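This is what each chain is made of:
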Amino acid sequence: MRRLEWLLILFMAFLPKVLFAADFPEYPAKAAKEYSGAITIAGLTVGVEPLADPAAQKRYFGANLSEKGFLPVFVVIENGSPGESFILMREDVGTYVGGEQEPTSGEVVSGRSRFGEDYMLLSAITLSIGGMAIASHFMAKATQVRQNVIKKELRSSTLSPSQMNRGFVYVALPPDPAKRRYLRMRVRVTKVGTDQPIDFEFPI
Amino acid sequence: MYCRSVLCPNLVGLILLVFAGMRAPATAQSVPPKLNLKADLVLTTAFCSAEIKRGNGWTTAKERFPVGEQLCPLLAADLPSLFASMEKSDKVPAQNTTDADVILVPKIGDIGATMGRKQELVVVLEWTALDRAGRPLWVQTIEGTAHEKAGNGFSHGKHIRLLNDAAVRDALAKSEEAIRSAPGLLKLAQ
């Protein structure tokens, strides 16, 4: 028994944290005007594309985000104006039902694997080295899924002429299915040096 | 015998030249000019204490990534070299109450750390430059990233520190580059 304990301690000391790394493909982007329902105001074109298909979510995010209550919406913004610059603040992209704003961000994925953690505990109690390796894999995968969600998110930026910004906004789906039909996204940008916002609204 | 030949002095001279070249001080690197602006740098308590923690110390190693704690003093020390003058404050000044030309506000958007054989730390840092009246002049999000091996049970803590340091330094370098080339600030500095 004592020998087994020492073996376990040695194994844990030199155990690589995980054996595999996840790989998530980039979401293919098009020019903003190519998205159905794209809107152009003051030379700025905004297109959005909700990614509702669970298989596509699994492919690009490694998780079914709809199951977690989120809808990833791909947003593309292009500044086609000859000389104006615009500012996009991430917090100014919101979703609405009627006049009521819905939360857009929040923790889409926690980066924790409950199954992995429970399995690790069980494996530690039963001194199962193989079990620990499997649990490590699940826990590491969960962190990689979260990292990918962070990297693909739409970010605040200044759009100078001919510049483009794109990324996902993770829309928290209202629990009431009736509300989901009226859900719309508002992308607000501001012309540099002014307080005047320009709003783009889309049903999603 | 060889040194009586014509080649000898030339050879000696060549060797001396090579050594002199090796010992000569490196030519000064071109320092980019400062932006002719008076700036306020806003480092809020929330920003300077931004961090992530994970692990329970039993089935998973306890890990802490004190990004804000490390980034704050580095920004305060390095950013003044980009501007004609810079003041530091812990909150955004009210409209038209500062004499600064530009107010720089960094915000941690997110911090993500993976587990694995090769760990990755990502620091999403959002920069906003406001004018005296509080209007945004320029906004840019940068991503500081670093990779580091996980190590083993004995060396894991050291690798976590190295990972954190590298991501913070990357965020700092990218921030400086972004500020230096920000069209809104360059235009204002003219």
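How each quantity is defined
Residues numbered from 1 in each chain as written. Chains lettered and ligands numbered in written order. Predicted model: local features only at pLDDT ≥ 70, side-chain atom pairs only at ≥ 80, totals over all residues. Buried ≥ 20, exposed ≤ 12 C-beta atoms within 10 Å, placed from the backbone. Helix = DSSP H or I, 4+ residues; strand = E, 2+ residues; numbered from the N terminus. Arc of directions from axis to C-beta. Contact = placed C-beta atoms within 7 Å. Pairing = 2+ DSSP bridges. Axes fitted to C-alpha atoms, helices over the stretch in contact; angles between N-to-C directions.

**Student:** How do you make sense of helix H2 (residues 54-61) of chain A when you look at a structure like this?
**Tutor:** One turn of the α-helix equals 3.6 residues, which is why residues spaced by three or four share an orientation. Residue and element names in this part refer to chain A. Residues Gln57, Tyr60 and Phe61 constitute the buried set of H2. Considered in projection along H2, the buried side chains sweep an arc of 80° and stay on one side of the axis. When the buried face of H2 is taken as reference, the exposed residues oriented beyond 90 degrees from it are Ala55 and Lys58. At its buried positions, H2 is contacted by strand E3 (70-79) and helix H4 (129-151). In the stretch just after H2, glycine 62 is the one whose phi turns positive, near 70°.

**Student:** Sorry if this is basic, but what is going on with the pairing of strand E9 (residues 197-203) of chain A here?
**Tutor:** Looking along a regular strand, one sees the side chains alternate between the two faces of the sheet. Residues and elements named next belong to chain A. Two strands pair when backbone bridges link them, and strand E8 (residues 183-191) and E9 are joined in this way by seven bridges, in the antiparallel orientation. Counted as the bridge partner of arginine 188 is aspartate 199 from E9. Connecting the antiparallel pair E8 and E9 is a turn made up of five residues, with glycine 193 showing a positive phi of about 85°.

**Student:** What am I meant to see in the sheet that holds E3 of chain A here?
**Tutor:** To summarise the sheet geometry, strands pair through backbone hydrogen bonds and adopt either a parallel or an antiparallel arrangement. Residues and elements named next belong to chain A. Overall, antiparallel pairing links the four strands, which are arranged E1-E2-E3-E7 in an open sheet. Single-partner strands in this sheet number two, and they are strand E1 (39-41) and strand E7 (164-172). With direction set aside, neighbouring strand axes in the sheet form an average angle of 20°. Note: strand E2 (residues 44-50) against E3, seven bridges, orientation antiparallel. Paired with valine 48 across the bridge in E3 is valine 75.

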